[in-house]
Amino acid sequence: MGISTPPSRGSLSESSKAVNEQSLCLCTPFEDTTCFRCCPPIRPAGYDHLNYISSLKREFRENRVRFLQKKINLGPVMGFFCWGLGYLDDRGRRVGCLLHPAVHNGRDLRYLTGYGDKCRREVCLQAKIFNELPVEARRFWLEMTQGLSSFYFSSERANPLFHVLLWGESILEAMFEYASGNGLSCTELVWNFPFLADPKISPRKWKYPILKIIDTLPQREWKDFRWDTFFEVTEEEISSKKQRFWHRFFSGNAFTHLVLSEDAEFADFVRFFLGMSRCNDRKLRVMKSEVDEVIVKAIQKV
Ligand code: SF4
Ligand code: SF4
């Protein structure tokens, strides 16, 4: 999992070095900020570390002290707090996995919690998307998290980047290029295109239609495009088509994301806009051209 690549490769008492630009990742974004949102891997739905900040601070301090005293065999984790999670530095700024090989000269001690394999395997979707971006784009999008401590950075509620990254590489890169070409900071870009960070607008639902706009409209027209109206018109049209015609395509046993594994944006549209997690392969392809037609008409109408 994410904390698996802390920049500090030394002992627990050593303070972190500047984050290497090329290895800039979402798990260790700044010198004094780390992410621990996905630790431990099994948490109740809707869990947010920020709700437990006081008790977690105490726990992270205690876990660190225990590690420095080499008392590190506490058995499997019970519940949703992990005894392997603690402060990586004396100042209590960086939170991370105290069992990670990076802090034990290559020895992986995560198995002690019973979560070893899961910890090694898991990387969140946002971290994967972030890694696909060029370094300049990563730095640009990180701007919206400047000043967040590790606790706030690790909160889905407090950190808007977790929402924004779900727009995916193509949209994030296109928006980054727009901002670069127009001399906008990340904050200014989001001010001009507020839908990007609007928690009411699901990126996985809207990614496909937004990509159509980006592919169809020249950049110079983006600023004056009536994005709000586009969302309204498209929502209305797609819902109506779904009710009148497309509902019959919902039959079928194939998993949508597998059928459309080569077309991830449309797969997300089918799953998150139309609510079809299973589908009929052949009919889906017919539907795609009809969906495209609706979207292009909505762009022209707006
Ligand atoms: S939630 Fe994502 S970004 Fe955060 S530590 Fe886990 S993998 Fe990294
Ligand atoms: S063992 Fe380390 S990586 Fe795994 S849940 Fe605990 S703190 Fe996180």
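Peer 1: What is the right way to read the overall build of the chain from this model?
Peer 2: The secondary structure content of the chain amounts to 13 helices and four strands. Each principal axis of the C-alpha atoms in the chain carries an extent, and together these give about 65 × 50 × 30 Å. Here the chain holds 302 residues, and the buried ones make up 32% of them.

Peer 1: Honestly, the site of ligand 2 in this entry has me stumped. Any pointers?
Peer 2: Inspection of the region around ligand 2 gives 14 residues, with Cys39, Cys82, Gly84, Cys97 and Cys119 positioned closest. Taken together, the residues of the shell around ligand 2 sort by class into 11 nonpolar, two polar and one charged.

Peer 1: Explanation requested: the domain arrangement of the chain in the structure shown.
Peer 2: Quite often, the size of an interface is put as the accessible area lost when its parts meet. Considered domain by domain, the chain is made up of domain 1 (2-127) and domain 2 (201-302). Taking only C-alpha atoms into account, the centre of domain 1 sits 39 Å from that of domain 2.

Peer 1: Any chance you could explain the packing of helix α9 (residues 203-216) against helix α13 (residues 281-301) here in plain terms?
Peer 2: Packed helix pairs are characterised by how far apart their axes lie and by the angle those axes make with each other. Orientation of α9 relative to α13, taken along the N-to-C sense of each, is 60°, at an axis distance of 10 Å. The angle between α9 and α13 falls in the class oblique. Of the two elements, α9 crosses α13, and the hand of that crossing is right-handed. Listed contacts from α13 to Pro209, Lys212, Ile213 and Thr216 of α9 are Ile295, Val296 and Ile299. Looking at the contact of α9 with α13, its residues break down into five nonpolar, one polar and one charged.

Peer 1: Can you walk me through the nonpolar core in this structure?
Peer 2: The nonpolar side chains of a soluble globular protein tend to be buried, and buried together. Ranked by size, the top nonpolar core spans 41 residues in total, and within it Leu85, Leu172 and Met175 carry the most contacts. The dominant element in this core, judged by the number of residues it contributes, is helix α7 (residues 168-181), at five residues. Each of domain 1 (2-127) and domain 2 (201-302) gives at least three residues to this core. Beyond its immediate stretch of four places on either side in the chain, Met175 contacts Leu189, Phe193 and Leu196. Counting residues in hydrophobic clusters, the runner-up holds 19 residues, among them Phe230, Phe266, Cys279 and Ala298.

Peer 1: Is there a simple way to think about unusual backbone geometry in this case?
Peer 2: Across the chain, the bulk of peptide bonds are trans and the bulk of non-glycine residues have phi less than zero. A cis geometry characterises the amide bond from Cys39 onward to Pro40, with omega recorded as -15°. Among the structural elements, Pro40 can be located in the segment before α1 (53-68). Look at Lys70: it is not a glycine, yet its phi comes out positive at around 65°. Tracing the backbone shows Lys70 in the loop between α1 and β1 (85-87). On the basis of neighbour count, Lys70 is assigned to the exposed category, with 7 C-beta atoms found within 10 Å. Look at Asn105: it is not a glycine, yet its phi comes out positive at around 50°. Structurally, Asn105 can be placed in the loop between β2 (95-97) and α2 (116-121).

Peer 1: For this particular structure, what's the right way to read the confidence of the model for the chain?
Peer 2: Low pLDDT means the predicted atomic positions in that stretch should not be read closely. In this model, the chain carries an average pLDDT of 89, and 93% of its residues clear a pLDDT of 70 or more. Segment residues 2-11 is flagged for pLDDT under 50; beyond a separation of four residues in sequence, or across chains, it makes 36 contacts in the model. This stretch, residues 13-18, has a pLDDT under 50; its non-local contacts, to residues over four places away or in other chains, come to 11 contacts.

Peer 1: Is there a simple way to explain α9 in this structure?
Peer 2: Residues spaced three or four apart along an α-helix face the same direction, because each turn holds 3.6 residues. Look at α9: 19 Å from first C-alpha to last across 14 residues, which is about the 20 Å you get at 1.5 Å a residue. By the largest-angle criterion, Pro209 marks the main kink of α9, which is about 30°. Three or more residues of α9 are buried, namely Pro203, Trp206, Lys207, Tyr208, Pro209, Ile210 and Ile213. Where α9 is buried, its residues meet α7, α10 (227-244), α12 (264-273) and α13.

Peer 1: Whenever I open this one, the environment of Glu31 confuses me. Can you help?
Peer 2: Among the structural elements, Glu31 can be located in the segment before α1. Since 15 C-beta atoms lie within 10 Å of it, Glu31 is described here as partly exposed. Separated by 25 residues in sequence, Glu31 and Leu56 place their C-alpha atoms 21 Å apart.

Peer 1: Mind showing me how you'd approach the packing of α9 against α12 here?
Peer 2: Look at α9 against α12: their axes get within 7 Å of each other, and the N-to-C directions meet at 130°. By the angle between their axes, α9 is oblique relative to α12. Judged by the sense of rotation from one axis to the other, the crossing of α9 with α12 is left-handed. Where α9 abuts α12, its residues Arg204, Lys205, Lys207, Tyr208 and Leu211 lie against Glu265, Phe266, Asp268, Phe269, Phe272 and Phe273.

Peer 1: How do you make sense of the environment of Gly96 when you look at a structure like this?
Peer 2: Its place among the elements puts Gly96 in strand β2. In this structure Gly96 comes out as buried when scored by C-beta crowding, with 31 C-beta atoms within 10 Å.

Analysis parameters
Position labels on residues start from 1 in each chain and follow its written sequence. Chains carry letters from A onward and ligands carry numbers from 1 onward, assigned in written order. Only residues with pLDDT of at least 70 get local features here, since the model is predicted, and only at 80 or more are side-chain atom pairs given and counted; chain-wide, interface and lining totals rely on the full set of residues. Helix and strand definitions follow DSSP, with helices as H or I runs of at least four residues and strands as E runs of at least two, each counted in order from the N terminus. As a rule, residues whose C-beta atom has 12 or fewer other C-beta atoms within 10 Å are exposed, those with 20 or more are buried, and those in between are partly exposed; C-beta atoms are placed from the backbone. Using the backbone to place each C-beta atom, any residue with that atom within 6 Å of a molecule or strand is considered near it. Ten residue types, Ala, Val, Leu, Ile, Met, Phe, Trp, Tyr, Cys and Pro, are classed as nonpolar, four, Asp, Glu, Lys and Arg, as charged, and the remainder, Gly among them, as polar. All the domain ranges listed were derived from an automatic or database domain assignment. To define axes, lines are fitted to C-alpha atoms, for helices over the stretch in contact only, and angles between the resulting N-to-C directions are given on a 0 to 180 degree scale. Angular relationships are summarised with four words: roughly parallel below 35 degrees, roughly antiparallel beyond 145, roughly perpendicular across 65 to 115, and oblique for the angles in between. Two helices crossing with the near one rotated counterclockwise from the far one by less than a right angle form a left-handed crossing, whereas a clockwise rotation gives a right-handed crossing. By the convention adopted here, residues make contact when the C-beta atoms placed from their backbones lie within 7 Å. Put simply, a nonpolar core is a cluster of buried Ala, Val, Leu, Ile, Met, Phe, Trp, Tyr and Cys residues tied together by C-beta atoms within 7 Å. The predictor attaches a confidence to each residue, and that confidence, scored 0 to 100, is pLDDT. To estimate how far a helix should extend, the number of its residues minus one is multiplied by 1.5 Å. Note that the bend at a residue is defined as the angle between axes fitted to the seven residues ending at it and the seven residues starting at it.

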